[in-house]
Amino acid sequence: MIDKDIAKKQKPEKISTKRLTMKEMGESDLMDMVDIFSREEVSATFMLPIFNCKEDKELLFHKFVAWSKDGNRFVYGVYLGQKLIGFVNDVEMADDEIELGYVINPDFKGQGYATEVLVASINTLLNMGYNTVKTGAFVENKASIRVMEKAGMTKIDYEDQVSYNGQMHTCIYYHMRKS
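Residues numbered from 1 in each chain as written. Predicted model: local features only at pLDDT ≥ 70, side-chain atom pairs only at ≥ 80, totals over all residues. Heavy atoms only, no water.

Draft legend 1. Layout of the packing of helix H4 (residues 113-128) against helix H5 (residues 142-150). Their axes nearest at 9 Å, the elements H4 and H5 cross at an angle of 45°. If you check the angle between H4 and H5, you find them oblique. As H4 runs across H5, the sense of the crossing is right-handed. Where H4 approaches H5, its residues Ala114, Thr115 and Leu118 are matched on the opposing element by Val147, Met148 and Lys150. Partitioning the contact of H4 with H5 into residue classes produces four nonpolar, one polar and one charged. (Axes fitted to C-alpha atoms, helices over the stretch in contact; angles between N-to-C directions. Helix = DSSP H or I, 4+ residues; strand = E, 2+ residues; numbered from the N terminus. Parallel < 35°, antiparallel > 145°, perpendicular 65-115°, else oblique. Left-handed = near helix turned anticlockwise from the far one by under 90°. Contact = heavy atoms within 4.5 Å. Nonpolar A, V, L, I, M, F, W, Y, C, P; charged D, E, K, R; others polar.)

Draft legend 2. Expanded view of the nonpolar core. Judged by nonpolar contacts, the single largest core of 33 residues is most densely connected at Phe74 and Leu118. Looking at this core, the elements with two or more residues in it are strand E3 (75-80), strand E4 (83-94), strand E5 (97-104), H4, strand E6 (132-138), H5 and strand E8 (167-177). No other element matches H4, which puts nine residues into this core. Discounting residues that sit within four places of it in the chain, Leu118 has contacts with Leu100, Tyr102, Thr135, Val147, Met148, Ala151 and Met153. Counting 25 residues, the second-largest nonpolar core is a separate cluster that includes Met25, Phe46, Val65 and Tyr173. (Core = buried A, V, L, I, M, F, W, Y, C linked by side-chain atoms within 4.5 Å. Buried < 20%, exposed > 50% of the residue type's maximum accessible area, 1.4 Å probe, protein only.)

So, in structure tokens, the structure goes:
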């Protein structure tokens, strides 16, 4: 649920880290995003709809572009130079808490990019006025769990059973709170 009535600082147009830039997506990113949506490694761990054809992936891409331009949404493309290598997005917002999802193209895994993006997102959101940033992962997604832990997040004593692609998954959650 997106609560647009909460007075928060405006999201920055761009977030820069040591190696990456997070910014709104554009039409030139279509093929990179379709590639990400097409990866089995991504659809196994990030809850994407079932795509029946390439056009379905393109439609979802256009939604991400619109969301990234929306000042009330925390949605950014993640760029290494000029190449889109992933994205971060709000999953749910309520009061002073936000839940994030994030994806890095598997071709770029193991280089710390996901941790870099998550740390930058957490810092930005806490500075924007959120008191809690939360993320979740399927319990079998060890890489994402490691990213959340490396980002300094703490495991929450809460699990959820989620049906995805015809299978039940246990989802665990981590959070970072403003100190």
